[in-house]
Amino acid sequence: MILNTKLPNVGTTIFTVMSKLAQEHNAVNLSQGFPDFDTNPKLVACVNKALQNGHNQYAPMQGIQPLRELICERIENIYGASYHPDNEITITSGGTQAIFTAIAALINPGDEVIIFEPAYDCYSPTVKLFGGLVKPFELYAPNYEIDWQMVKKLFSANTKMIILNSPHNPTGSILSKNDIDELIKITKNTDIIILSDEVYEHIIYDGEKHHSVAQYPELRERSFVVASFGKLLHTTGWKIGYCLAPELLMKEFRKIHQFNVFSVNTPMQYGIYEYLNSENIYQELPIFFQQKRDYFRSLLSETKFKLLPCKGSYFQCVNYSEISEEPDIAMAKRLLTTFGVASIPLSAFYTKGKDDKILRFCFAKNDNTLLQAAEMLMKV
Ligand code: GLN
């Protein structure tokens with residue numbers, strides 16, 4: 001059979017490839033981003049209770065009301081931004097589904113979408129799937145800062161969307177207040193939609209504050225904001241998150257969501273609601289992960305790898321050009337098979353596979369795991 005593939009240049013996502021290899025070679029898996037420690041047992045008890053209390057049928061299409069109300073209340077407290085729980089928030093099957101749905105809802109053939117590379121790997125294929133044209137804007141190591149006047153030069157009559165990601169995966173950079181001001185300036189008097197992937201919003205370091213597009217009215221009115229309970233609660237396997245947007249945009253989002261996912265699993269929603277209602281976890285998260293970042297960085301400083309900055313997210317990038325000239329995929333595979341540590345090569349985050357000899361390690365791991373990995377990396 002000859003298939004007219006919709007995505008001729010797409011293979012299997014790098015996270016699946018590296019995690020599988022890590023398993024096959026029994027390597028320490030610092031590739032795909034997920035914690036190797038468990039979530040709080042109180043949260044598991046809340047979900048158990050929901051299961052036992054019969055919350056086992058379809059949730060409303062947009063998510064259960066108490067959870068939507070609670071999140072909107074938290075968004076108001078944290079960002080001073082107001083979203084109506086009835087029509088400006090939808091519970092999703094994780095961040096990736098929310099991103100996919102927002103793109104599906106808005107992108108028509110020929111629409112141009114600006115992404116910042118390195119970019120998380122789902123953005124570009126999803127845009128292409130709906131006939132959109134990806135306009136990559138390249139950022140440079142080590143700080144991956146954005147020159148907004150140069151971004152503006154990419155604008156055309158067809159520019160439909162800008163995809164933002166802060167704290168940034170894979171580089172750990174964050175958007176500053178100045179970035180937000182520049183973004184407001186260049187999008188003023190345009191109909192450009194912003195899709196803001198903020199799944200690491202609470203994982204930010206050194207006392208820095210996350211700037212959500214939600215908190216700036218000029219951006220809020222044109223933005224989808226994507227958030228993840230997986231990152232907040234150490235439950236990436238639950239695949240649950242949410243999307244915020246003003247009513248006009250959320251209406252379009254739900255047109256897709258209702259026929260793709262319909263609704264997200266009910267007991268998890270009740271469990272998460274009850275847990276978030278009784279625990280304040282937002283304050284401790286940055287402290288918890290900063291300890292891990294600092295520990296991992298201090299261990300890596302004894303290796304030949306050169307550390308890049310990490311201001312947010314749970315990823316640490318390193319440059320290995322003093323060790324080897326191999327392409328980053330080959331280097332990642334050799335590290336995995338010969339030294340027993342799995343990482344993600346940064347070329348996977350560029351549409352043209354740019355190779356700066358940089359690897360990404362996930363440090364959302366037990367200290368023992370980080371130590372074990374670092375001891376192996378010290379031999380390289
Ligand atoms: N977000 C995770 C990462 O960057 C991967 C999630 C996935 O595998 N789809 O590693």
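Details of the structure are given in the entry above.
The text that follows walks through the structure, step by step, so that each part is easy to find. Nothing here was measured: the structure is a model prediction, and the numbers come from that model.

Attention now moves to the site of the ligand. Within the structure, the ligand sits among Phe15, Gln32, Gly33, Tyr120, Asn169, Tyr200, Phe315 and Arg360. Contacts to the ligand include Gln32, whose side-chain N or O atom sits 2.8 Å from an oxygen atom. Interatomic distance of 2.6 Å between a backbone N/O atom of Gly33 and an oxygen atom of the ligand. Across the shell around the ligand, the residue classes break down as four nonpolar, three polar and one charged.

Moving on to the nonpolar core. It is characteristic of soluble globular proteins that their nonpolar side chains tend to be buried jointly. One finds Phe116, Phe224, Phe229 and Leu276 to be the most contacted residues of the largest nonpolar core, which totals 126 residues. Residues within four places of Phe224 in sequence aside, it is in contact with Ala102, Leu106, Ile193, Ile194, Leu195, Ser196, Cys243, Leu244, Ala245, Leu249 and Phe253.

The four strands lie next to each other as S9-S10-S13-S12, forming an open sheet whose pairing is antiparallel. Looking at which strands have only one partner, the edges of the open sheet turn out to be strand S9 (306-307) and strand S12 (344-345). Pairing between S12 and strand S13 (residues 358-362): two bridges, direction antiparallel. By the bridge assignment for S13, Pro345 is matched with Leu359. Sitting on the sheet, helix H13 (residues 328-339) is in contact with S12 and S13, with an inclination near 45° to S13.

Take the packing of helix H4 (residues 94-106) against helix H10 (residues 247-260) next. It is at 8 Å that the axes of H4 and H10 come closest, and there the two elements cross at 120°. Of the possible angle classes, the one that applies to H4 and H10 is oblique. Taken as a pair, H4 and H10 cross one another with a handedness that is right-handed. Residues Gln97, Ala98, Phe100, Thr101, Ala102, Ala104, Ala105 and Leu106 of H4 pack against Glu252, Phe253, Ile256, His257 and Asn260 of H10. Of the residues contributing to the contact of H4 with H10, the split by class is eight nonpolar, four polar and one charged.

Rules used throughout
Residues numbered from 1 in each chain as written. Predicted model: local features only at pLDDT ≥ 70, side-chain atom pairs only at ≥ 80, totals over all residues. Heavy atoms only, no water. Near = heavy atom within 4 Å. Polar contact = N/O pair within 3.5 Å; in protein donor to acceptor, adjacent residues only side chain to side chain. Nonpolar A, V, L, I, M, F, W, Y, C, P; charged D, E, K, R; others polar. Core = buried A, V, L, I, M, F, W, Y, C linked by side-chain atoms within 4.5 Å. Buried < 20%, exposed > 50% of the residue type's maximum accessible area, 1.4 Å probe, protein only. Contact = heavy atoms within 4.5 Å. Pairing = 2+ DSSP bridges. Helix = DSSP H or I, 4+ residues; strand = E, 2+ residues; numbered from the N terminus. Axes fitted to C-alpha atoms, helices over the stretch in contact; angles between N-to-C directions. Parallel < 35°, antiparallel > 145°, perpendicular 65-115°, else oblique. Left-handed = near helix turned anticlockwise from the far one by under 90°.

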